[in-house]
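Residue-level structural notes
Okay, here's what each chain looks like letter by letter:
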Amino acid sequence: MQVDEVGFYNRLLDYHNILYLCHRNADPDAISSAFALSEAIGGTVGLVDGSNRVASLLVDKLDIDVVESPNPEDYDLVVVVDTSTSAQLNDIKLSNYCVIDHHATTALTENAAFYLHRNATSVAEIVYDVLTCMGAPIMHRLALGLMAGIVTDTGHFKHATSKTFKTFGEIIESSGVEYAEVLDLMASTPQDVSMRIAMLKSASRASIERINDWLVVTSNVSSFGGSASSMLINIGGDVAFVGTARGDNIRVSGRAKRDAVNAGVNLGKIMEEISGHYEGTGGGHAGAAGIDVIADMDTVLFECVESVREILKDKKNPLSL
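Only a predicted model underlies this, so the values are computations on that prediction, with no experimental measurement involved.

Some remarks on the overall build of the protein chain
- Along its length, the protein chain carries twelve helices and twelve strands.
- By the compact-globule yardstick of 20 Å for 321 residues, the protein chain fits well, its C-alpha radius of gyration being 19 Å.
- Counting only C-alpha atoms, the protein chain reaches 55 × 40 × 40 Å along its principal axes.
- Taking all 321 residues of the protein chain together, the buried fraction comes to 51%.
- Partitioning the intrachain contacts of the protein chain with sequence separation of at least 6 by distance along the chain shows that 59% fall at a separation of at least 24.

Right, here's the structure in full:
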């Protein structure tokens, strides 16, 4: 059952022991959203399988209490935060749960008791609207977390909309937290040597497909696939796909520039469609998405490129001279 922000808040009031569960390798958007809801309504922030570097720093700096690998059966209700597929929860069993999410497609809503879904650029924006409906105060720690979630999930506002900026401005006005404080927090994230090595390997292994004036880049690394695909975009690609393998499981992370998205590329839909060929899971946003399947990596990467080729073959890149 789909509900709006007021309905979501009112339904949560029916429960006393709530778990706000974040997807594996949780990012700042998931962590900050779960933290904000737990502060305003009460409950526990849970990590199904760790968090990424920036999110871990956020947990430390904001002194957020988190429970690692919680048992959903210990709670009256599980609120699944910023998660579109069960694979992102390592396929753990959920009985009584609801969903708050912003991805283009969200398969978890099918069996949810209720859900709040909106195509926003971050879950943090939706959570802010829930807090506004409640009349909850936007305190310093809570605001800093939500702002970090918005900044990271929009790629430092590359994928932001007018609503994103409006919400961000309202958080600043209501809390007094300055944007510079968010940037300082994220700038203090230590650079992992293994991540730097992965970025260099990704660049050295890159293959480039030219579709008219569009550049589609593919590569593979053992970890940090999402960061590697973003890096390939930053150094010249219009669309990038990076594969990582863990046993028989293949993960492909995709990123696309706004011009490619405006030309019709929707990585979330592409990943969802391709995952269906292998009975896997896939989805995400138009400009950032991922897929988890059991398949040959080169075959999956080829399908990703061919899907983009069909979309861009007759489109002109506005950046081309």
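Examining the sheet that holds strand β7 (residues 207-211)
- Spatially, the six strands line up as an open sheet ordered β7-β8-β9-β10-β12-β11, and their pairing is mixed. The open sheet has two free edges, formed respectively by β7 and β11 (281-284), since each of these has just one partner strand. Pairs of neighbouring strands in the sheet enclose a mean axial angle of 15°, with direction left out of account.
- Judged from the five bridges that link them, β7 and strand β8 (residues 214-220) form a sheet pairing that is antiparallel. Looking at β8, one finds that Glu-209 is bridged to Val-216.
- The strands touched by helix α11 (residues 267-276) are β9 (239-246), β10 (249-256), β11 and β12 (288-294); relative to β12, the strand with the most contacts, the crossing angle is about 10°.
- Packed on one face of the sheet, helix α12 (residues 297-312) meets β7, β8, β9, β10 and β12 and runs near 165° to β9.

Quick word on the side chain of Asp-82
- Here Asp-82 is to be found in the loop between β4 (77-81) and β5 (97-101).
- Nearest to the buried, unbridged Asp-82 among oppositely charged side chains is Arg-251, at 11 Å.
- Side-chain polar atoms of Asp-82 contact the side chain of His-23, separated by 3.2 Å.
- Looking at Asp-82, its side chain comes within polar contact range of the side chain of His-102, at 3.1 Å.

Topic: the domain arrangement of the protein chain
- We note that the domain assignment places domain 1 (5-188) and domain 2 (194-313) within the protein chain.
- Taking only C-alpha atoms into account, the centre of domain 1 sits 26 Å from that of domain 2.
- Counting residues at the interface gives twelve residues for domain 1 and eleven residues for domain 2.
- Note on domain 1 versus domain 2: buried area summed over both sides is about 1,000 Å², and carbon and sulfur give 46% of it.
- Joining domain 1 to domain 2, the criterion identifies one salt bridge.

Digging into helix α5 (residues 140-153)
- Under the 1.5 Å per step criterion, the end-to-end length of α5 is 20 Å for 14 residues, consistent within 8% with the ideal 20 Å.
- Burial of α5 is extensive: eleven of the 14 residues sit out of reach of the surface.
- Three or more residues of α5 are buried, namely Leu-142, Ala-143, Leu-144, Gly-145, Leu-146, Met-147, Ala-148, Gly-149, Ile-150, Val-151 and Asp-153.
- Just past α5, the residue Gly-155 takes up positive phi, approximately 60°.

Some remarks on the UniProt feature "domain: DDH" (unreviewed entry) in the protein chain
- Under the UniProt annotation, "domain: DDH" (unreviewed entry) lies at residues 18-150.
- Annotation note: span residues 18-150, helix share 35%, strand share 19%, distance between end C-alpha atoms 24 Å.

As for the pattern of salt bridges
- Applying the stated rule across the entire model yields eleven salt bridges.
- The salt bridge involving Glu-39 is made with Arg-141; its shortest N-O contact spans 3.7 Å. Highlighted residues: Glu-39 in helix α2 (residues 28-41) and Arg-141 in helix α5, separated in sequence by 102 residues.
- The partner of Asp-213 in a salt bridge is Arg-210, with the nearest N and O atoms 3.2 Å apart.
- For Asp-213, a relative accessible area of 30% gives the class partly exposed.
- A cluster of three or more residues bridged by salt bridges with shared partners is formed by Glu-5, Arg-118, Asp-129 and Lys-163.

A closer look at the sheet that holds strand β1 (residues 18-22)
- The strand order across the open sheet formed by six strands is β3-β2-β1-β4-β5-β6, and the pairing between neighbours is parallel. Strand pairing shows two members of the sheet lacking a second neighbour, β3 (66-68) and β6 (115-117), which therefore form its edges. Averaged over all adjacent pairs, the angle separating strand axes in this sheet is 25°, with direction ignored.
- Where β4 meets β5, four bridges bridge the pair, whose relative direction is parallel. When the sheet's bridge partners are listed, Val-78 is paired in β5 with Tyr-97.
- Taken strand by strand, helix α4 (residues 123-134) contacts β4, β5 and β6, and its axis lies near 110° from that of β5.

Focus: the side chain of Glu-303
- Following the sequence through the fold, Glu-303 ends up in helix α12.
- In this structure, Glu-303 is buried with no salt-bridge partner, the nearest side chain bearing the opposite charge being Arg-309 at 13 Å.

Thresholds, definitions, all that
Residues numbered from 1 in each chain as written. Predicted model: local features only at pLDDT ≥ 70, side-chain atom pairs only at ≥ 80, totals over all residues. Heavy atoms only, no water. Helix = DSSP H or I, 4+ residues; strand = E, 2+ residues; numbered from the N terminus. Rg over C-alpha atoms; globule rule 2.2 N^0.38 Å. Buried < 20%, exposed > 50% of the residue type's maximum accessible area, 1.4 Å probe, protein only. Contact = heavy atoms within 4.5 Å. Pairing = 2+ DSSP bridges. Axes fitted to C-alpha atoms, helices over the stretch in contact; angles between N-to-C directions. Lys, Arg positive; Asp, Glu negative; His and termini not counted. Salt bridge = Lys/Arg side-chain N within 4 Å of Asp/Glu carboxyl O. Polar contact = N/O pair within 3.5 Å; in protein donor to acceptor, adjacent residues only side chain to side chain. Domains from an automatic or database assignment. Buried area = accessible area lost by both parts, 1.4 Å probe. Expected span 1.5 Å × (residues − 1). UniProt positions renumbered as here; feature names shortened; annotations may be inferred.

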